[in-house]
Each structure stands twice: as C-alpha cells, then as structure tokens.
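Summary of structural features
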Amino acid sequence: MMSTYSLVLLSCIIFLLQSSFLPFLFNGIMQPDLWLTVIALAAVIVDRKSAFILAGVGGFLQDIVTSNFFGLHLLPYLVITLLFVKFGRHRYNKHWYVSLLSVLLASVIYVVFSSIIMGWAGSRYPSLFYFIYLGIPLVLMNGGCSLILHNFLWMLKREEEPRW
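Predicted, not measured: the structure shown is a model, and the values here were computed from it.

**Considering the overall build of the protein chain**
When helices and strands are tallied, the protein chain shows six helices and zero strands. Each helix (α) and strand (β) of the protein chain, taken in turn from the N terminus, gives the series α-α-α-α-α-α. Accessible surface, the protein chain as shown: approximately 9,400 Å² in total, 70% of it carbon and sulfur.

**Overview of the packing of helix 1 (residues 4-25) against helix 2 (residues 34-45)**
Packed helices, taken two at a time, are described by the angle their axes make and the gap between the axes. The N-to-C vectors of helix 1 and helix 2 enclose an angle of 150 degrees; their axes lie 9 Å apart at closest approach. The angle between helix 1 and helix 2 falls in the class roughly antiparallel. Between helix 1, through Leu10, Ser11, Ile14, Phe15, Leu17, Gln18 and Leu22, and helix 2, the contact on the second element is made entirely by Leu34, Trp35 and Val38.

**Description of the packing of aromatic side chains**
On inspection of all chains with the given rule, the structure shows two aromatic pairs. With a centroid separation of 5.9 Å and an interplanar angle of 40 degrees, the aromatic rings of Tyr77 and Tyr110 are classed as tilted. Of this pair, Tyr77 sits in helix 4 (residues 74-88) while Tyr110 sits in helix 5 (residues 96-120), and the two are 33 residues apart along the sequence. With respect to burial, Tyr77 and Tyr110 carry one shared label: buried. Measuring from ring centre to ring centre gives 5.9 Å for Trp96 and Tyr97, while their planes differ by 85 degrees; the resulting arrangement is edge-to-face.

**So, the packing of helix 2 against helix 3 (residues 48-66)**
Following both chains from N to C, one finds helix 2 and helix 3 inclined at 165 degrees, their axes separated by 9 Å at the closest point. Considered as vectors, helix 2 and helix 3 are oriented roughly antiparallel to each other. Between helix 2 and helix 3 the crossing geometry is left-handed. Of the residues in helix 3, those in contact with Trp35, Val38, Ile39, Ala42 and Ala43 of helix 2 are Ala51, Leu54, Ala55, Val57, Gly58, Leu61 and Gln62. Counted by class, the contact of helix 2 with helix 3 contains ten nonpolar, two polar and no charged residues.

**Comments concerning the environment of Gly143**
Counting through the fold element by element, Gly143 comes out in helix 6 (residues 127-156). Distance in space between the C-alpha atoms of Gly143 and Val103 is 6.0 Å, their sequence separation being 40 residues. When neighbours within four sequence positions are excluded, Gly143 is seen to be in contact with Leu100, Val103 and Leu104.

**Things to note about the side chain of Gln31**
Take Gln31: it is sitting in the loop between helix 1 and helix 2. On the accessibility criterion, Gln31 (12% relative accessible area) is buried. Those residues in contact with Gln31 that lie beyond four places of it in its chain are Gln18, Leu22, Pro23, Phe26, Leu138 and Met141.

Conventions adopted
- Residues numbered from 1 in each chain as written.
- Predicted model: local features only at pLDDT ≥ 70, side-chain atom pairs only at ≥ 80, totals over all residues.
- Heavy atoms only, no water.
- Helix = DSSP H or I, 4+ residues; strand = E, 2+ residues; numbered from the N terminus.
- Areas by Shrake-Rupley, 256 points an atom, 1.4 Å probe, with all protein chains shown as cover.
- Axes fitted to C-alpha atoms, helices over the stretch in contact; angles between N-to-C directions.
- Parallel < 35°, antiparallel > 145°, perpendicular 65-115°, else oblique.
- Contact = heavy atoms within 4.5 Å.
- Phe/Tyr/Trp six-rings, centres within 6.5 Å; stacked < 30°, edge-to-face > 60°.
- Buried < 20%, exposed > 50% of the residue type's maximum accessible area, 1.4 Å probe, protein only.
- Left-handed = near helix turned anticlockwise from the far one by under 90°.
- Nonpolar A, V, L, I, M, F, W, Y, C, P; charged D, E, K, R; others polar.

Shown next as structure tokens:
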C-alpha cells in the first residue's frame, strides 16, 4: 500500500506538472496526460485503494482545471482503473514494456470513452477526427511518459510487511 504522504505528494507533483509545466512545453491542446499515465501504472502496480484514490483525485482535478464537460476525465479514469485492477493486476510484472503496453491501452480506452462522452454532450467533433488528431499523439506521448514514470512508481510502492 502506498502511504498517505506518498499519495498526496504524487498528486501534488502530477497536478503541478500537468496544469502548469506541460502547457509551456507543448501547445496546450496536444500534451501528454500524466494523470492518465500514472493512473494506468498505479492500477497494476499499487494496491486497489491507492489506485482508485489516484483515479478519483486525478479525474476530479483534470475536470475542474481543463475540461468543458464534467466527467470527461473522471469517468474514463475510474473505468480504466476498474478494468486494470480487475484484469491486469495478476499478469503484471516489473518489465518496462508491460508498463508501456498498459499505458498505450489505457490511452486508447480513454480516447474512446472521452469521444463517446463528448458525443453524448453534443460536441461538434467527429469521433474519427478526434481520434486521429488528438488521440494518436496522446497515445504516443503517454507511452513515452510511461517509460520515464515506470521506475519512479515502482520505487513508491511499499511492499507488504513480512509476517515473521
């Protein structure tokens, strides 16, 4: 289980990077989603409670700071966490390529869910345009971020106490 201190510190760092630092490096429209990357990795690395806390906090903060539709981030983040905790946890190991594949899959799931939510809300973006113009760069940038964050999240994981 991750300590409360680690969860709060990680959330603050990701929030500052995502909302303040990354928009200066990228054009603001196409930038990596660090919350999504951390959530996808945390869902298969850390305990369930910590993964759901990160997904809830990340989705809520992303929706408040950057979203026009409330739930555009929160709902997909929680669904991705649920899917990864349920199906991906037992197959996961410490290899970087497994982290990369899980983040790429989570990014595709996020793009599909967010395009569905935007369609329900009456957005004028066609789903194919949204996926090609915003989805493919997001998937690739998140994959790159997963290679950087892989070792960092494994360091934050607190192993269970020995029974002896």
